[in-house]
Amino acid sequence: MQAFILANEAVIRLGFFLGIFALMATWEILAPRRILTISKSIRWLNNIGLVAFNTFLLRLLFPAAAVGFAAVASEQGWGLFNLIELPFWLVVLLSVVIMDFVIWLQHVMVHAVPLLWRLHRVHHADLDYDLTTGARFHPLEILLSMLIKFATIMVLGPPVIAVIIFEIVLNGMAMFNHANVKLPAGLDRLLRWFFVTPDMHRVHHSVEDDEANSNFGFNLSLWDRLFGTYRDQPRAGHEGMTIGIRKLREPKQVAWLPGLLMLPFIGKLSGYTINRRQWDEE
Ligand SMILES: [Zn+2]
Ligand SMILES: [Zn+2]
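Residues numbered from 1 in each chain as written. Chains lettered and ligands numbered in written order. Predicted model: local features only at pLDDT ≥ 70, side-chain atom pairs only at ≥ 80, totals over all residues. Heavy atoms only, no water.

Visitor: How should I be thinking about the overall build of the protein chain in this particular structure?
Guide: Assigned secondary structure in the protein chain consists of 15 helices and zero strands. Here the protein chain has a C-alpha radius of gyration of 19 Å; the compact-globule value for 282 residues is 19 Å, and the two agree. Based on the C-alpha atoms only, the size of the protein chain along its principal axes is roughly 55 × 40 × 35 Å. Accessible surface, the protein chain as shown: approximately 13600 Å² in total, 72% of it carbon and sulfur. (Helix = DSSP H or I, 4+ residues; strand = E, 2+ residues; numbered from the N terminus. Rg over C-alpha atoms; globule rule 2.2 N^0.38 Å. Areas by Shrake-Rupley, 256 points an atom, 1.4 Å probe, with all protein chains shown as cover.)

Here it is, written out as structure tokens:
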């Protein structure tokens, strides 16, 4: 089983990606949560264009990616889990949970450090919120994420299978929790005790500073609850709230690919990040 997964890792990941994409896209078309401000075809063309460019770049720079790096780490005996004896299933579970915590910390960091916020605002400047928002990141942020992932793998020494599971879950959850859909209220409340739901992460895409500085989680809702960044609902409601960044509303800049690629390089470095609100300009 494990040998099969390792041998067909790329195909399995692509299969999950396409399957979940098709499912969420159909759901969004049949029962959208909010009306889009930019047409779906323009959104998909540019957001998916950016994803394709990032995928190409990553394959070029890191052909083996995180999974290959985890294989090297385990051959070399690097990392905590290569030093201590624990049941295999527990190591896999702990690895996935710890990697999720690291990505939560990374997310808080890119909101807190002005230079990194410049990269991350490509994700936030989206004027709408749909499954393609979930994969919309500047190439430089993608590279930063990959380096942090490598460092995490070196320290942690997770089994290769845990890294594959994490990549599939993160990718699938990003499409799920950025989807323009609504879960039944009871189901949303129940799921939220463990996982990030579309309504939970949508709060994080609000133009309101305090709402954007909430709900940093991608997979487990635990981290925001534990560390005090959890926010239940947006003040204006999910239909009434404004998505995006307050001062970046020009479609040429925030919807079209050339604008997106240039976005980190415009404006003052001191622009909005955590705890550096500019009340006078509001
Ligand atoms: Zn964010
Ligand atoms: Zn997001």
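Visitor: Can you walk me through the coordination of the zinc ion (ligand 1) in this structure?
Guide: Protein ligation of the zinc ion (ligand 1) involves His 107 (NE2), His 111 (NE2), His 120 (NE2), His 124 (NE2) and His 204 (NE2), the donor distances falling in the range 2.1 to 2.2 Å. Motif for the zinc ion (ligand 1), donor spacing along one chain: H-x3-H-x8-H-x3-H-x79-H. Between the zinc ion (ligand 1) and the zinc ion (ligand 2) the interatomic distance amounts to 5.5 Å. On the criterion of sequence distance, the pair formed by His 120 in helix α6 (residues 114-124) and His 204 in the loop between α10 (198-202) and α11 (209-212) is long-range, its members being 84 residues apart. Exposure class is identical for His 120 and His 204. Each is buried. (Donors = N, O, S within 2.8 Å, 3.2 Å for Na, K, Ca; no water. Buried < 20%, exposed > 50% of the residue type's maximum accessible area, 1.4 Å probe, protein only.)

Visitor: Explain a nonpolar patch on the surface here, please?
Guide: A contiguous nonpolar patch, built from Leu 80, Leu 83, Ile 84, Leu 86 and Leu 94 and spanning about 430 Å² of accessible area, is present on the exposed surface. You can see Ile 84 is positioned in the loop between α4 (65-76) and α5 (88-112). (Patch = residues over 30% accessible without salt bridge, like charges linked within 9 Å, V, L, I, M, F, W, Y side chains within 5 Å. Salt bridge = Lys/Arg side-chain N within 4 Å of Asp/Glu carboxyl O.)

Visitor: Looking at this structure, how should I read the pattern of salt bridges?
Guide: Oppositely charged side chains may form a pair once their charged atoms are brought near each other. Considering all chains together, one arrives at 17 salt bridges under this definition. The salt bridge involving Arg 33 is made with Asp 199; its shortest N-O contact spans 2.7 Å. Of this pair, Arg 33 sits in the loop between α2 (9-30) and α3 (40-61) while Asp 199 sits in helix α10; the two residues are 166 residues apart in sequence, bridging distant segments of the chain. The partner of Asp 199 in a salt bridge is Arg 202, and the shortest N-O contact between them spans 2.6 Å.

Visitor: Where do I start with the side chain of Asn 215 in this structure?
Guide: Tracing the backbone shows Asn 215 in the loop between α11 and α12 (222-227). Given a relative accessible area of 0%, Asn 215 falls into the buried group. Sequence-distant contacts of Asn 215, defined by excluding residues within four places in its chain, comprise Met 200, His 201, Val 203, His 204, Asp 224, Thr 229, Tyr 230 and Arg 231. (Contact = heavy atoms within 4.5 Å.)

Visitor: In this structure, what is going on with the coordination of the zinc ion (ligand 2)? I would like to understand it.
Guide: Metal coordination angles in their ideal form are 109.5 degrees for the four-donor tetrahedron and 90 or 180 degrees for the six-donor octahedron. Listed as protein donors to the zinc ion (ligand 2) are His 123 (NE2), His 178 (NE2), His 201 (NE2) and His 205 (NE2); their distances from the metal cover 2.1 Å. Coordination at the zinc ion (ligand 2) comes from four donor atoms whose angles at the metal span 90 to 162°, giving a geometry best classed as irregular. Read in sequence order, the donor residues for the zinc ion (ligand 2) give the motif H-x54-H-x22-H-x3-H. (Tetrahedral: all angles 85-135°; square planar, octahedral: opposite > 155°, others 65-115°.)

Visitor: Before we go on, may I ask you to explain the packing of aromatic side chains in this structure?
Guide: Aromatic ring pairs are described here by two measures, namely the spacing of the ring centres and the angle between the planes. On inspection of all chains with the given rule, the structure shows 10 aromatic pairs. Note on Phe 101 and Phe 227: the rings are 5.6 Å apart at their centroids and 20° apart in plane angle, and the pair reads as stacked. Here the residue Phe 101 occupies a position in helix α5, and Phe 227 occupies one in helix α12, the gap between them amounting to 126 residues. Relative accessible area serves as the criterion here: at 24%, Phe 101 is assigned to the partly exposed category. On the basis of relative accessibility, which here comes to 44%, the residue Phe 227 falls in the partly exposed class. When the ring of Trp 104 is compared with that of Phe 216, the centres are 6.5 Å apart and the planes differ by 90°; the resulting orientation is edge-to-face. Taken as a pair, Trp 104 in helix α5 and Phe 216 in the loop between α11 and α12 lie far apart in primary sequence, 112 residues in all. Since its relative accessible area comes to 6%, Trp 104 is described here as buried. (Phe/Tyr/Trp six-rings, centres within 6.5 Å; stacked < 30°, edge-to-face > 60°.)

Visitor: It is not clear to me how the side chain of Glu 9 should be interpreted in this structure. Could you clarify?
Guide: Relative to the assigned elements, Glu 9 resides in helix α2. A polar contact is formed between the side chain of Glu 9 and the side chain of Arg 13, at a distance of 2.8 Å. Beyond its immediate sequence surroundings of up to four residues, Glu 9 is in contact with Val 67 and Ile 164. (Polar contact = N/O pair within 3.5 Å; in protein donor to acceptor, adjacent residues only side chain to side chain.)

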